[in-house]
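# Results of the structural survey
Below, each chain spelled out in residue letters.
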Amino acid sequence: MTSHAIRHVRITPIAFRDPPLLNAAGIHEPWALRSIIEIETESGLVGINESYGDLPMLQAMAKAAPALTGLSPWALNEMDQRVAALVTPPKQTASEFLGQQVSLAPGTHVSKTVAKVISAFEVAMMDLQGQLAIAPVVDLLGGAARTAVPYSAYLFYKYAEHIEKPYAPDVWGDALTPEQLVAQAQRMIGQYGFKSIKVKGGTLPPDEEVAGVLALAKAFPGTPLRIDPNGNWTVPTSLKAVEQLQGVLEYYEDPAPGLDGMAAVAQACDVPLATNMVVTDLKEFRRNAEMGCPVKIVLSDHHYWGGLRATQRLALMCETFGLGLSMHSNSHLGVSLVAMTHLAASVPLLSYACDTHYPWQDDEVVQGGRMAFENGSLRVPTTPGLGVQIDRDALARLHDNYLNTTIRNRDDLGQMRKYNPAFTGHQPRF
Ligand code: GKR
Ligand code: MG
């Protein structure tokens, strides 16, 4: 009888171009890191996934990978246990703790290592399961609650070009004024058809960002709008801004730092607060609940919440506590996008348009190239597993990029200091 036991796990770090996008921590570096995970069975099937590509994560995955040898692709609970037993979060030194950088992108925090590794392997194992059962991953998750998943236009203030000029400037140009922000939205919506807009804030003086959102409200009447200052505004600044944006916001994402800051904002404003910064695991979920749920919408991310099944459990918790659920993203390619799509399709509660950085990338690692959106949504694949395959030439090229860059950990703060050596990254800045 053919054995489908796992024979080997291959992890390939990759790097792809990332524009000079501004955020509370600083600015994106020219190359974003990810990893491609391939799990091969004795029978020759290969399950794939995409995850983080920073050095601690690569080391953690490499340590845990041999524990999967001999395991059935169906043995997810056993995989969880083996990974948890092997992977201990590395001790973090003060200099490695990049403050805002880490809280802004919780996936980079070492405390999430076990959850991240489990997620990295789980999705690839579910891709294998789907190939064995001849069923899409969404069916393994209970079936599709929707046939297409809506995403939002994720706008960034940005410079036209990276300071090091490592490659030709991107097609988006500068975005530092309300007019340029509207032009960016028009271009992105024209290309993808998105029906909701999110603005990454916390970078320019708040009045300028408020003016940007008001200009968007005027240019796109009736379109749900969100702003996310990544906790870079004090409570009074957050309250002043939400007052200026009255009647405009669908939800208010991480205006002030910490759950206490968010609670203070919630007390004085009637726009629901959303987060990917202060409710990032079940311990924080519990604290939010004990405080009477100042945060009303959890922005999930299977990459650091422990995988697709763990995010479904999170959805149940949100339902129990009367919370909403949406989806956070970091720079990523198509394997992540398709996994997010299967997951979001399987969770009826996840009815907001999900975040995605996808329009900011111009590269791809899946066969067939860039994924096509229809009216701002991605159709849920109906073919077995994730429904995408790795383009081996693209993988080799993206791996070469990785070998040719010295970046090994995301450092938006250090990158910003190249533009402005006096930049402290002190939080909250405004
Ligand atoms: O990529 O600059 C960025 C974002 O700010 C990202 O790091 C955040 O994790 O997109 C994220 C968010 O919603 O906070
Ligand atoms: Mg956010």
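Whatever comes next refers back to the structure up there.
In this text the structure is predicted, and so the values were computed from the model without any measurement.

## A closer look at the coordination of the magnesium ion (ligand 2)
Each donor-metal-donor angle in an ideal tetrahedron of four donors is 109.5 degrees, and each such angle in an ideal octahedron of six donors is either 90 or 180 degrees. The protein atoms that coordinate the magnesium ion (ligand 2) are Asp-228 (OD), Glu-253 (OE) and Asn-276 (OD1), at distances of 1.9 to 2.2 Å. Counting the intervening residues between successive donors of the magnesium ion (ligand 2) yields the motif D-x24-E-x22-N. Placement of Glu-253 in strand β10 (residues 249-253) and of Asn-276 in the loop between β11 (273-275) and α10 (282-290) is noted, with a sequence separation of 23 residues between them. For the pair shown, Glu-253 and Asn-276 are each scored as buried.

## Structural notes on the environment of Gln-244
In this fold, Gln-244 is placed in helix α8 (residues 235-244). We classify Gln-244 as partly exposed; its relative accessible area is 34%. Along the sequence, Gln-244 and Tyr-159 sit 85 residues apart, while their C-alpha atoms lie 26 Å from each other. Leaving out residues up to four positions away in the same chain, Gln-244 has contacts with Asp-207, Val-210 and Leu-214.

## Some points on the pairing of strand β5 (residues 46-52)
With 6 of 7 residues buried, β5 is to be regarded as a mostly interior element. Strand direction decides the pairing type here: strand β4 (residues 31-41) and β5, joined by 7 bridges, are antiparallel. From the neighbouring strand, Ile-36 faces β5, where its bridge partner is Glu-50. Between the antiparallel neighbours β4 and β5 lie 4 residues, among them Gly-44 with a positive phi of about 95 degrees.

## With respect to the packing of helix α12 (residues 308-320) against helix α13 (residues 334-346)
Interaxial distance between α12 and α13 falls to 10 Å at its minimum, and their mutual angle equals 35 degrees. Handedness of the crossing formed by α12 with α13: right-handed. Counting all contacts with α12, which are made through Leu-308, Thr-311 and Gln-312, the residues of α13 involved are Ala-339, Leu-343 and Ser-346. A class-by-class count of the residues in the contact of α12 with α13 yields 3 nonpolar, 3 polar and no charged.

## With respect to helix α2 (residues 76-86)
Within α2, the full set of buried residues consists of Leu-76, Met-79, Asp-80 and Val-83. For α2, the angular spread of the buried residues around the axis is 105 degrees, confining them to a single face. Structural note: α2 exposes Asn-77, Gln-81 and Ala-85 on the side pointing more than 90 degrees away from its buried face. Packing partners of the buried residues in α2 comprise α1 (55-64), α4 (113-133) and α12.

## A short note on helix α9 (residues 258-268)
Of all the positions in α9, only Leu-259, Gly-261, Met-262, Ala-263 and Val-265 are classed as buried. Here the buried face of α9 lies against α8, β10, β11, α10 and β12 (295-300).

## Focus: the environment of Val-137
Looking at where Val-137 falls in the secondary structure, it is placed in helix α5 (residues 137-140). Judged by its relative accessible area of 1%, Val-137 is buried. Separated by 204 residues in sequence, Val-137 and Thr-341 place their C-alpha atoms 9.9 Å apart. Look past the residues within four positions of Val-137 in its chain and what remains in contact with it is Met-126, Asp-127, Leu-308, His-342, Gly-385 and Leu-386.

## Notes on the pattern of salt bridges
The full count for this structure, using the stated rule, is 26 salt bridges. Glu-40 is the salt-bridge partner of Arg-7, the closest N and O atoms lying 2.7 Å from each other. Separated by 33 residues along the polypeptide, Arg-7 in strand β1 (residues 6-17) and Glu-40 in strand β4 bring together distant segments of the chain. A residue is classified by how much of its surface remains accessible, and Arg-7, at 38% relative accessible area, is partly exposed. In the salt-bridge network here, residues are joined through shared partners; they are Lys-198, Lys-200, Arg-226, Asp-228, Glu-250, Glu-253 and Asp-355.

## Re the site of ligand 1
Taken together, 17 residues sit near ligand 1, with Asn-23, His-28, Leu-104, Tyr-154 and His-328 positioned nearest. Contact distances for ligand 1 include 3.0 Å between an oxygen atom and a side-chain N or O atom of Asp-228. At the level of elements, β7 (153-156) and β8 (197-200) are the ones that each hand at least two residues to the shell around ligand 1. Of the residues assigned to the shell around ligand 1, the class counts are 4 nonpolar, 8 polar and 5 charged.

Rules and cut-offs
- Residues numbered from 1 in each chain as written.
- Chains lettered and ligands numbered in written order.
- Predicted model: local features only at pLDDT ≥ 70, side-chain atom pairs only at ≥ 80, totals over all residues.
- Heavy atoms only, no water.
- Donors = N, O, S within 2.8 Å, 3.2 Å for Na, K, Ca; no water.
- Helix = DSSP H or I, 4+ residues; strand = E, 2+ residues; numbered from the N terminus.
- Buried < 20%, exposed > 50% of the residue type's maximum accessible area, 1.4 Å probe, protein only.
- Contact = heavy atoms within 4.5 Å.
- Pairing = 2+ DSSP bridges.
- Axes fitted to C-alpha atoms, helices over the stretch in contact; angles between N-to-C directions.
- Left-handed = near helix turned anticlockwise from the far one by under 90°.
- Nonpolar A, V, L, I, M, F, W, Y, C, P; charged D, E, K, R; others polar.
- Arc of directions from axis to C-beta.
- Salt bridge = Lys/Arg side-chain N within 4 Å of Asp/Glu carboxyl O.
- Near = heavy atom within 4 Å.
- Polar contact = N/O pair within 3.5 Å; in protein donor to acceptor, adjacent residues only side chain to side chain.

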